Amino acid sequence: MKKRSHILALFADFEEAAVTIAALREASIPGFKMQDVTLKSPIDHPECSAELGQRPVYIQIFSLLGAICGSGLGFLGISSAQANFLRQARGFFPIVPIPPDMVITYELFILGAVFFTITACLIMWRIYRVETDLYDVQISLDKIGILVEAEPKAIASLREIFTSHHALEISGSV
Amino acid sequence: MNEALLEEKDVAIERRFEPKAQDIDDEISWAQINVDVLKSLERPRLLYWVIFFGSLAIFMWGVYCEIYQYKNGLGSADLENPQVWGLYIATFIFWIGMSHSGTLLSAILLIMHADWRKPIYRFAEAMTTFSLMTAGLFVLVHLGRVWQFYYVVAYPNERWAWPNFSSPLVWDATAIGSYLTTSVIFLFFGMIPDLAICRDNATGYRKTFYRVLSLGWRGTDRQWANFRVTYLTLACLLIPLAVSVHSIVATDFAVSQQPGWHTTSFPPYFVAGALYSGCAAIITLFIVLRYTFRFEKYMTIPILEKLCKLTFAISMVWTYLNLIEYAAVWYGTDPIAKQALIFRATGTYAWWWWAMNFFASVLPFTLTWKRLRTNIPIMLVVSVLLNFGMWDERFMIVTPTFAHGYYPWTWTNGWWPNWVQLGIVMGSFGWFNMLFMLFCKIFPSVSMYEVKEMVYHRRVARKTLQTLRPSPDP
């Protein structure tokens, strides 16, 4: 596997960051791919992120899966447990009372979706990659960061593009 | 013709970008937002400590009363047939109701893209969580035999004491457990970008604390994209859950055999009441936090006005459902239920019943006057009284009904909660305030990233408007 280097440039606003991303897209630098560019910002900015290209989000699929698992576990778990306790059968009353079980199923339907959604999100965030990339505390304040992971030979060209687009600070490893 | 159309189009565009009444000054810088909110974690006003230690003292009194009840049994709290629920269940419903406002402000208004919620939804969510925790305590307090608390949980066991799944009490335990879990997740998840800001500005053990909680947040586009979708999904999941919780609490009453309770309008009536009392509580806490943490720039008068209008609208929904409930009993076929209603209006608890109707249905009209709803001291008093009215409403549902049941032996006109019950109820308010104040000191009670977004989008809108308008002649 080829050695990878990181470079982080800070910009004053989203407009400058967007122009720089467009410049990166147009430049054909050997050892650099557009999908290795990451935008870091203090607020969500989908318009600027769109410049980076399509990065799909799959959370909803997990929510659906969680809802199915939650409701399945709720209904089948409770009703099968009830069916096993036949000694408690009472006259005229069903062993598995469907309407009350549906209430609990409904709650677990939502709870399952919540658990799966949150777990999926944490995985998508890649929190298992503990602080391997460059970061600057100014990003949580008011600056916009562009982080690029590329081969060492591309770093000089990237630095040049950042400088020509008025980057406030550039940091990185070569 | 074409010119007229173009002009119309220009007006439409201008209207779209015309800044509405300034909820927040959009000239405020992002760095300043960080400074102002982070300051609240360090140096609150003296009032903060007065509220915190006052609440702690009240809570300790509640703990003493609970220990007394634990040692001497529920009889020491005057809980005997027919008054078996007393203030505990009334206050339990009150706290469950309070929890709905966080969902309303945070989740419903998020889906509706109501921008003005951004500076205030965080503490409303915290209120949801702590209200539910307080409500949960009442289940235990009301049990009397606290050591057997696990009987309320729906699980199979080896003693053949299988929970009755047809009982709403079992549904209650499941629903409240799910709602509390989801609320805590929703609150925590929404705070993650702000916790990262705290991490970047803290030192020592606080840095470690916030670092662990911020879950490696770096503000990357991937994180934001997933965050946005997840937060919206959680909001969508939370809304039906909130509605189901209070509907299920309503079925505790509606499926029982007590005069006046056996009506189908109870679930929507309870949900409307929950939203109403929660909104009133948000106004109270809005005013307290605004002063205590110097949040005048974020918790502004235009936002207070919007909250007041929302509260008024919900109060009218609640009033309508309340009148429907009276009408259903009055024109219904159950003479005992009708007698119970007359007893409420003319019997031992008549003062309380009329007070409830006044505070919860008439007093909200003060919210329609701009001069009153922009006056902070008046709104503080009104919001507290609205909540008193809503607590009284729950008291009126429980106590007079038990005091005028189907059998004459239940007609206990003189019943009144004793010092043990009152102490525990007061203690719950102390517990809630204490937890809430502690939260506001440890976590940012104003969402920094959402306020930044709000300010940013308004600035962009203003800039767009300026470019659309022709520059004035020199």
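Along each chain, the written sequence defines residue order, and numbers are assigned to residues from 1. The order in which chains are written sets their letters, starting at A; the order in which ligands are written sets their numbers, starting at 1. Selection of residues for local features in this predicted model requires a pLDDT of at least 70, selection of side-chain atom pairs for listing and counting requires 80 or more, and totals for whole chains, interfaces and linings are taken over all residues.

Further remarks concern the overall build of chain A. Numbering of helices and strands runs from the N terminus; a helix is a DSSP stretch of H or I covering at least four residues, while a strand is a stretch of E covering at least two. When helices and strands are tallied, chain A shows five helices and four strands. When the helices and strands of chain A are listed from N to C terminus, the series reads β-α-β-α-α-α-β-α-β. Within chain A, the fraction of its 174 residues that count as buried is 37%. Contact criterion: two residues are in contact if their C-beta atoms, reconstructed from the backbone, are within 7 Å. Counting contacts in chain A only where the partners sit at least 6 residues apart, residues at least 24 apart contribute 81% of the total. Counting other C-beta atoms within 10 Å of each residue's C-beta, where C-beta atoms are placed from the backbone, gives the exposure class: buried for 20 or more, exposed for 12 or fewer, partly exposed between.

This next bit is on helix α5 (residues 100-111) of chain B. Residue and element names in this part refer to chain B. What a helix should span is 1.5 Å times the count of its residues minus one. In this model, α5 (twelve residues) spans 16 Å end to end at C-alpha, consistent with the 16 Å of a helix rising 1.5 Å per residue. Across the twelve residues that make up α5, a large majority, ten, are buried. Listed in full, the buried residues belonging to α5 are His100, Ser101, Gly102, Thr103, Leu104, Leu105, Ser106, Ala107, Leu109 and Leu110. Positive backbone phi, at 55°, marks His113, one or two positions downstream of α5.

In this section: the pairing of strand β1 (residues 5-11) of chain A. The two faces of a sheet get side chains in turn, since along a regular strand they alternate between them. Residue and element names in this part refer to chain A. Of all the seven residues making up β1, five are buried; the element is thus mostly covered by neighbouring parts of the structure. The pairing criterion for strands is at least two bridges between them, as found by DSSP. Relative to strand β3 (residues 144-150), β1 runs antiparallel, the two sharing seven bridges. Within the sheet, the bridge partner assigned to Ala9 lies in β3 and is Ile146.

Residues and elements named next belong to chain B. Angles run from 0 to 180 degrees between N-to-C directions of axes, and those axes are lines fitted to C-alpha atoms, restricted for helices to the stretch in contact. At a closest axis distance of 7 Å, the pairing of helix α4 (residues 86-98) and helix α6 (residues 121-143) adopts a crossing angle of 160°. Classified by the interaxial angle, the pair formed by α4 and α6 is roughly antiparallel. Considering how the two elements wind past one another, α4 and α6 form a crossing that is left-handed. Between α4 and α6, the residues in contact are Tyr88, Ile89, Thr91, Phe92, Trp95, Ile96 and Met98 and Met127, Ser131, Thr134, Ala135, Phe138, Val139, Val141 and His142, respectively. Note on angle classes: values under 35 degrees are labelled roughly parallel, values over 145 roughly antiparallel, values of 65 to 115 roughly perpendicular, and the remainder oblique. By convention, the crossing between two helices is left-handed when the near helix turns anticlockwise from the far helix through less than a right angle, and right-handed when the turn is clockwise.

Moving on, we come to the environment of Leu169 of chain B. Residue and element names in this part refer to chain B. With respect to the helices, strands and loops of the structure, Leu169 is situated in helix α7 (residues 168-201). Taking the C-beta count within 10 Å as the criterion, Leu169 has 15 such neighbours and is therefore assigned partly exposed. A sequence separation of 45 residues divides Leu169 from Ser214, and the C-alpha atoms of the two residues are 37 Å apart.

So, about the packing of helix α2 (residues 30-39) of chain B against helix α17 (residues 448-468) of chain B. For any two helices packed against each other, the geometry is given by the interaxial angle and the distance between the axes. Residues and elements named next belong to chain B. Interhelical geometry of α2 versus α17 gives an angle of 150° and a closest axis separation of 10 Å. The orientation of α2 relative to α17 falls into the category roughly antiparallel. Read as a crossing pair, α2 and α17 show a hand that is right-handed. Residue-level contacts link Trp30, Ile33, Asn34 and Val37 of α2 to Met448, Val451 and Lys452 of α17. A breakdown of the residues in the contact of α2 with α17 according to their chemical character gives five nonpolar, one polar and one charged. Residue classes follow a fixed rule: Ala, Val, Leu, Ile, Met, Phe, Trp, Tyr, Cys and Pro count as nonpolar, while Asp, Glu, Lys and Arg count as charged, and any other residue, Gly among them, counts as polar.

To continue, consider the domain arrangement of chain A. By convention here, the domain bounds are inherited from an automatic or database domain assignment. Its domain assignment divides chain A into domain 1 (5-56 + 133-172) and domain 2 (59-124). When each unit is reduced to the centre of its C-alpha atoms, the spacing between domain 1 of chain A and domain 2 of chain A is 46 Å.

Another aspect to go through is the interface of chain B and chain A. The partner chain A presents 46 residues to the 46 residues of chain B that form the contact. Of all the elements in the fold, those that place two or more residues in the side of chain B that touches chain A are α2, α7, α9 (221-254) and α17 of chain B. Here the element with the most residues in the side of chain B that touches chain A is α9 of chain B; it accounts for 16 residues.

Glancing now at the confidence of the model for chain B. Confidence of the prediction at every residue is given by pLDDT, a number between 0 and 100. Confidence in the prediction for chain B averages 87 pLDDT; 92% of positions are at 70 or higher. Prediction confidence for the complex, expressed as pTM and ipTM, is 0.89 and 0.89 respectively.

Residue and element names in this part refer to chain A. On the basis of which strands lie adjacent, the open sheet formed by four strands has the order β2-β3-β1-β4 and antiparallel pairing. If you trace the sheet from one side to the other, it starts and ends with β2 (37-40) and β4 (169-172), each paired once. Each strand axis lies, on average, 20° off the axis of its neighbour in the sheet, ignoring direction. Taken strand by strand, helix α1 (residues 14-26) contacts β1, β2 and β3, and its axis lies near 20° from that of β3. Across the sheet, helix α5 (residues 155-164) touches β1, β3 and β4, and the angle it forms with β1 is around 0°.

A separate point is the nonpolar core. By size, the foremost hydrophobic cluster in this structure holds 145 residues, and its most contacted members are Met127, Val245, Cys279, Ile282, Phe286, Leu289 and Leu307 of chain B. Sort the elements by how many residues they give to this core and helix α10 (residues 266-292) of chain B lands first, with 17 residues. Setting aside residues no more than four positions away along its own chain, Phe286 of chain B makes contact with Ile120, Met299, Leu304 and Leu307 of chain B. Residues Ala18, Ile144, Ile146 and Leu147 of chain A belong to the second largest nonpolar core, which totals 22 residues. We define a nonpolar core as a collection of buried residues of the types Ala, Val, Leu, Ile, Met, Phe, Trp, Tyr and Cys that are connected via C-beta atoms lying within 7 Å of each other.

On to unusual backbone geometry. Peptide bonds are mostly trans, and most non-glycine residues show a negative phi. At the junction of Asn81 of chain B and Pro82 of chain B, the peptide bond is cis and its omega measures out at 0° in the coordinates. The phi torsion at His166 of chain A lies on the positive side, around 60°, for a residue other than glycine. Phi at Asp78 of chain B takes a positive value of approximately 60°, unusual for a residue other than glycine. In this fold, Asp78 of chain B is placed in the loop between α3 (46-72) and α4.

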